[in-house]
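Structural features, examined
As a plain string of letters, each chain reads:
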Number of protein chains: 2
Amino acid sequence: MSATDHVVYVVDDDSSSRQSLEFLIRASGSTVHAFASAKEFLRFPRPELPACLVLDVRMPGLTGLQLQEELARLGVRVPIIFITGHGDIPMTVQAMKGGAVEFLTKPFREAEMLRAIAQAIERDWIAHCERLEMADLRRRYARLTPRETEVMASVVTGLLNKQVAAELGAAEKTIKAHRGRVMQKMEATSLADLVRMAEKLRVGASGN
Amino acid sequence: MSATDHVVYVVDDDSSSRQSLEFLIRASGSTVHAFASAKEFLRFPRPELPACLVLDVRMPGLTGLQLQEELARLGVRVPIIFITGHGDIPMTVQAMKGGAVEFLTKPFREAEMLRAIAQAIERDWIAHCERLEMADLRRRYARLTPRETEVMASVVTGLLNKQVAAELGAAEKTIKAHRGRVMQKMEATSLADLVRMAEKLRVGASGN
DNA sequence: TTTCCTATCGGACTTAGGTCCAATGGTGCT
DNA sequence: AGCACCATTGGACCTAAGTCCGATAGGAAA
């Protein structure tokens with residue numbers, strides 16, 4: 001991992017602890033952005049890159065746990081490493097239930113922190129790729145006309161063109177036309193391909 | 001949830017705590033099996049039912065955390081609720097990382113325990129359905145001959161029969177024959193259906 | 001050896017899917 | 001009114017997929 005392909009955010013109200021974290025992480029070769037409060041972090045325009053967040057649990061204003069909830073609410077899925085001076089078990093449980101990758105108590109070993117960060121970045125790198133793929137998929141799906149989405153939904157459930165035609169009250173010919181355009185717009189190379197796309201987009205049926 | 005459609009396991013070396021747990025959970029309407037040690041629990045022939053495990057962290061012999069690891073190693077994915085008298089944060093983190101649904105400190109409120117159990121059973125109920133479905137899918141897949149699995153793998157990647165034929169070095173006619181048998185044995189009603197089965201079985205490609 | 005399964009193909013069709021070209025009618029925007 | 005886009009369909013064809021029947025051949029098990 002080079003410094004430019006991922007970024008580590010640090011949110012900690014204690015300036016000395018924040019600065020030492022910043023120094024440590026930067027020395028390990030990562031790009032770091034440090035903030036003194038949750039609000040500052042939320043205001044920061046985050047680039048679309050693999051990232052992770054090192055977050056102090058106790059802070060004035062929004063606490064670490066509240067920030068975690070807020071990010072979940074906003075759909076921001078950045079992996080979080082919590083640090084705390086005086087944490088308790090319920091707090092830990094809540095953080096971990098919320099999907100935190102690690103929960104470290106101060107003082108922690110530097111190696112431990114760096115290992116946790118590496119793991120978090122690794123995890124988000126995968127999620128990041130999936131986000132890019134999903135965004136592309138949704139972009140293509142958004143190009144479909146309403147009718148085409150209906151046809152796609154029916155086709156990927158395995159219905160024959162004539163069955164789709166009956167279901168949508170149109171001629172088989174029309175369905176073929178729509179279907180062809182669906183394949184084009186979705187850039188699907190085969191029906192199997194289209195079915196897999198539909199699965200990822202959760203269209204067509206029971207949302208499994 | 002009635003008493004017979006799920007089961008709660010309790011593993012705790014302290015007999016008084018174990019018995020009160022057993023009483024509490026039984027009173028809530030669940031079937032309970034209690035054990036004084038991890039080994040006893042592992043020996044117990046568990047029925048294929050939605051279940052959860054209430055587990056004391058500290059125990060002589062295998063500890064709760066070690067049992068969690070052992071179960072993961074064995075592929076037993078039963079949701080675990082940990083209880084502990086004197087736990088610490090690293091212990092909590094390890095347990096939660098291992099997929100525990102809850103980590104309660106003694107003394108805990110009874111309502112809290114019952115809520116955790118209900119949630120764990122709920123979670124395992126879904127996983128249980130998926131296990132049944134996967135088992136059925138694998139049963140069907142196991143009926144395929146080696147050649148048929150190859151054909152299926154190629155077909156679900158979206159290849160045409162003639163392309164599959166070229167890839168496997170056979171006549172298109174032969175592929176059609178295999179393909180027909182694949183559809184029959186897999187009980188697929190359409191290609192879309194077969195593709196979805198292949199996805200669940202993770203056959204055919206990059207294992208996404 | 002006989003039987004069963006697997007893998008292999010051919011012929012003869014039927015059905016389904018897909019393409020190219022062309023055309024009609026509605027809607028919404030400029 | 002003119003234009004773009006959408007939904008709709010027809011005709012003519014071509015290719016792909018699937019089915020029924022039959023047949024050969026090797027290997028494994030009874």
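Going by the structure above, here's the rest.
Conventions used here
- Residues numbered from 1 in each chain as written.
- Chains lettered and ligands numbered in written order.
- Predicted model: local features only at pLDDT ≥ 70, side-chain atom pairs only at ≥ 80, totals over all residues.
- Heavy atoms only, no water.
- Helix = DSSP H or I, 4+ residues; strand = E, 2+ residues; numbered from the N terminus.
- Rg over C-alpha atoms; globule rule 2.2 N^0.38 Å.
- Buried < 20%, exposed > 50% of the residue type's maximum accessible area, 1.4 Å probe, protein only.
- Contact = heavy atoms within 4.5 Å.
- Areas by Shrake-Rupley, 256 points an atom, 1.4 Å probe, with all protein chains shown as cover.
- Lys, Arg positive; Asp, Glu negative; His and termini not counted.
- Charge placed at Lys NZ, Arg CZ, Asp CG, Glu CD.
- Salt bridge = Lys/Arg side-chain N within 4 Å of Asp/Glu carboxyl O.
- Least-squares fit on C-alpha atoms with pLDDT ≥ 70 in both.
- Axes fitted to C-alpha atoms, helices over the stretch in contact; angles between N-to-C directions.
- Parallel < 35°, antiparallel > 145°, perpendicular 65-115°, else oblique.
- Nonpolar A, V, L, I, M, F, W, Y, C, P; charged D, E, K, R; others polar.
- Core = buried A, V, L, I, M, F, W, Y, C linked by side-chain atoms within 4.5 Å.
- Buried area = accessible area lost by both parts, 1.4 Å probe.
- Polar contact = N/O pair within 3.5 Å; in protein donor to acceptor, adjacent residues only side chain to side chain.
- Phe/Tyr/Trp six-rings, centres within 6.5 Å; stacked < 30°, edge-to-face > 60°.
- Near = heavy atom within 4 Å.

What to know about the overall build of chain A
In terms of regular secondary structure, chain A is built from nine helices and five strands. Mapped from its N terminus to its C terminus, chain A presents α and β elements in the order β-α-β-α-β-α-β-α-β-α-α-α-α-α. Rg of the C-alpha trace for chain A: 23 Å, well past the compact-globule value of 17 Å for 208 residues, more than 25% over. Along the longest, intermediate and shortest principal axes, the C-alpha atoms of chain A span 70 × 35 × 25 Å. Counting the 208 residues in chain A, one finds 41% classified as buried. Sequence-distant contacts, at least 24 apart, represent 64% of the contacts inside chain A between residues at least 6 apart. Entry remark: accessible area of chain A is about 10,600 Å², with carbon and sulfur atoms responsible for 54%. In chain A, the 28 positive side-chain charges and the 26 negative ones have mean positions that sit 8 Å from each other.

So, the pattern of salt bridges
Residues and elements named next belong to chain A. For the structure on display, the rule yields 32 salt bridges over all chains. We note a salt bridge from Glu187 to Arg143, for which the minimum N-O separation is 3.2 Å. Within this pair, whereas Glu187 is found in the loop between α8 (172-186) and α9 (191-201), its partner Arg143 is found in the loop between α5 (110-142) and α6 (146-156), the two being separated by 44 residues in sequence. On the accessibility criterion, Glu187 (42% relative accessible area) is partly exposed.

A few points about the relation of the copies chain B and chain A
Laying chain B over chain A is done by rotating through 180° and shifting 0.0 Å along the axis; what remains is an RMSD of 0.0 Å. Read as a symmetry element, the transformation amounts to a two-fold axis. With an isologous cut-off of 70% or more, the 100% of interface residues of chain B that recur at the interface of chain A puts this contact in the isologous class.

Focus on the packing of helix α6 (residues 146-156) of chain B against helix α9 (residues 191-201) of chain B
Each pair of packed helices can be summarised by the angle the axes make with each other and by the distance between the axes. Residue and element names in this part refer to chain B. Contact geometry for α6 and α9: axes closest at 10 Å, N-to-C directions at 105°. Here α6 is positioned roughly perpendicular relative to α9, judged by the angle of their axes. Contacts between α6 and α9 involve Met152, Val155 and Val156 from the former and Leu191, Leu194, Val195, Ala198 and Leu201 from the latter. Taken together, the residues of the contact of α6 with α9 sort by class into eight nonpolar, no polar and no charged.

Quick word on the nonpolar core
Within the largest apolar cluster, 48 residues are counted, with the highest numbers of intra-cluster contacts made by A:Leu53, A:Phe82, A:Phe103, B:Leu53, B:Phe82 and B:Phe103. Among residues more than four places away in sequence, those in contact with A:Phe82 are A:Leu55, A:Val57, A:Gly64, A:Leu65, A:Gln68, A:Ala95, A:Ala100, A:Glu102, A:Phe103 and A:Leu104.

Some points on the interface of chain B and chain A
Across the boundary between the two partners, chain B contributes 22 residues, which contact 22 residues of chain A. Summing both sides of the interface, chain B and chain A together bury roughly 1,900 Å²; the carbon and sulfur share of this comes to 64%. For the chain B face of the interface with chain A, the top three residues by lost area are B:Ile89, B:Lys97 and B:Arg196, together amounting to 30%. Between the two partners, chain B and chain A, sit four salt bridges. For B:Lys97, the salt bridge goes to A:Glu102, with nearest N and O atoms at 2.6 Å. Seen at the junction of chain B and chain A, the total is six residue pairs in polar contact (both at pLDDT 80 or more). Of all elements in the fold, only α4 (89-97), β5 (102-105) and α9 of chain B reach the threshold of two or more residues within the side of chain B that touches chain A. For the side of chain B that touches chain A, a count of residues per class yields nine nonpolar, seven polar and six charged.

Description of the packing of aromatic side chains
Residues and elements named next belong to chain A. Under the definition given, this model contains 12 aromatic pairs over all chains. Ring centres of Tyr9 and Phe35 lie 6.3 Å apart, and the angle between their planes is 35°; this geometry places the pair in the tilted category. Placement of Tyr9 in strand β1 (residues 7-11) and of Phe35 in strand β2 (residues 31-35) is noted, with a sequence separation of 26 residues between them. Accessibility assignment for this pair places Tyr9 and Phe35 in one class, buried. Seen from their ring centres, Phe35 and Phe44 are 5.2 Å apart, and the 65° between their planes marks the pair as edge-to-face.

Some words on the protein's contact with DNA strand D
Of all residues adjacent to DNA strand D, which total 16 residues, the nearest are A:Thr145, A:Arg147, A:Ala171, A:Lys173 and A:Thr174. Each atom of DNA strand D within 4 Å of the protein was assigned to sugar, phosphate or base; sugar and phosphate come to 61%. Within the backbone of A:Ala171, a nitrogen or oxygen atom sits 2.6 Å from a phosphate oxygen of DNA strand D. In the environment of DNA strand D, a phosphate oxygen lies 3.1 Å from a nitrogen or oxygen atom belonging to the side chain of B:Lys162. Every element with two or more residues in the surface near DNA strand D is listed here: α6 and α8 of chain A together with α7 (161-168) and α8 (172-186) of chain B. With five residues, α8(A) is the single largest residue contributor to the surface near DNA strand D. When its residues are assigned to classes, the surface near DNA strand D shows five nonpolar, four polar and seven charged.

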